[in-house]
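Here are the chains, one letter per residue:
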Amino acid sequence: MFASKTILLSVLTLNIWGLPGGKQLGLAPFKESRVQGICRELKKGQWDAIFLQEAWQKEDRQFLKTCGYPYSLDSNDPRLAIDSGLLILSRYPLHKAQRLTYPPLDLDASVLEEGEALARKSADLVQMEHPEAGPVWLANTHLVSYYGEGVLDKYLEVRRQQFVSFVDWVHQNVQGRPVVVGGDWNFGSHNPEIWKEKEAGLLGFQASKESEEYSTLSKDNVFQKEDQGRVDHLFASSHFEPNKGSLAMHERIPLWAVDINLSDHFGWTEEFLLKP
């Protein structure tokens, strides 16, 4: 049972695949066209808050801030070519911004292939002043990706440590108040070694039943060769009840003679109902 006036909170998470490169082919093909397409979709959407990852370049972040959401958190250092790549957009005012920067990765001979070693993997936390729900904390992070050979995931322990520090940091700052956590975690329920940390660290946090039915690294994406499961997540604290979840930013856009996706990830949307 909910109060007579239902308060709905809608959140989107998306890794935009914004690696630097040429206008068309490069580390992230067709980035300029894809970012423009993401902007068009943002303008059509009715989300309260947007969690973006891999918005590496300043010009892309500046452009995405013009796409229908008047408030933003951009903690990236403008003096750096690549920083966290995180960006939070909001329909409502944002306050009390904080950032957690994870320890840097050890650089090795494969650093040119492992571009994320050049980034400052981080998490952003900020309080959104929702006109009906009141203050709601938002926590967005991007954990280190999979790099390895065959079944070897050589950054598994690093990713686990990043996630544990993220969860601890959120709890310490939020102090039991309403919060939505999410982003590109680069793991899912198919990774039991880390998923158990999610179950323990986010006890009482919920997502929709649909959230485990879809892949965000899907073989239906033109930029993916195989299905790699669900790595993009949104969970809300026990102040909320999940309403429904769905894929977002997964439709293809026409480009020359082919249709392409907006990113190598599909986005994910969750709607949460505030408990009375």
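Residues numbered from 1 in each chain as written. Predicted model: local features only at pLDDT ≥ 70, side-chain atom pairs only at ≥ 80, totals over all residues. Heavy atoms only, no water.

A. How the structure looks around the sheet that holds strand β5 (residues 94–101). Spatially, 5 strands are ordered β5-β6-β7-β8-β9 in an open sheet, and the strand pairing comes out mixed. Each end of this open sheet is capped by a strand with a single partner; those strands are β5 and β9 (232–236). Adjacent strand axes in the sheet meet at a mean angle of 15° when their direction is disregarded. By the bridge criterion, 8 bridges tie strand β6 (residues 122–130) to strand β7 (residues 134–142) in an arrangement that is antiparallel. If you follow His 130 over to β7, its bridge partner there is Gly 134. (Pairing = 2+ DSSP bridges. Helix = DSSP H or I, 4+ residues; strand = E, 2+ residues; numbered from the N terminus. Axes fitted to C-alpha atoms, helices over the stretch in contact; angles between N-to-C directions.)

B. Representation of the packing of aromatic side chains in the model. Overall, the coordinates contain 11 aromatic pairs when judged by the stated rule. Ring geometry for Phe 166 against Trp 185: centres 6.4 Å apart, planes inclined by 65°, an arrangement best described as edge-to-face. Within this pair, whereas Phe 166 is found in helix α3 (residues 156–174), its partner Trp 185 is found in the loop between β8 (179–184) and α4 (192–201), the two being separated by 19 residues in sequence. For the pair Phe 166 and Trp 185, a shared accessibility class is recorded, and that class is buried. An aromatic cluster is defined as three or more aromatic residues linked by ring pairs; in this entry it consists of Phe 163, Phe 166, Trp 185, Phe 187, Trp 195 and Phe 235. We note Arg 34 situated over the ring of Phe 223; from NZ or CZ to the ring centre the distance is 6.0 Å. Seen from the ring of Trp 268, Arg 230 lies directly overhead, with NZ or CZ sitting 4.0 Å from the centre. (Phe/Tyr/Trp six-rings, centres within 6.5 Å; stacked < 30°, edge-to-face > 60°. Buried < 20%, exposed > 50% of the residue type's maximum accessible area, 1.4 Å probe, protein only. Lys NZ or Arg CZ within 6 Å of the ring centre and 35° of its normal.)

C. The environment of Gln 228, seen in detail. Its location among the elements puts Gln 228 in the loop between α4 and β9. Between the C-alpha atoms of Gln 228 and Thr 216, which are 12 residues apart in sequence, the distance is 8.0 Å. Sequence-distant contacts of Gln 228, defined by excluding residues within four places in its chain, comprise His 190, Ser 215 and Leu 217. Side-chain polar atoms of Gln 228 contact the side chain of Gln 224, separated by 2.7 Å. (Contact = heavy atoms within 4.5 Å. Polar contact = N/O pair within 3.5 Å; in protein donor to acceptor, adjacent residues only side chain to side chain.)

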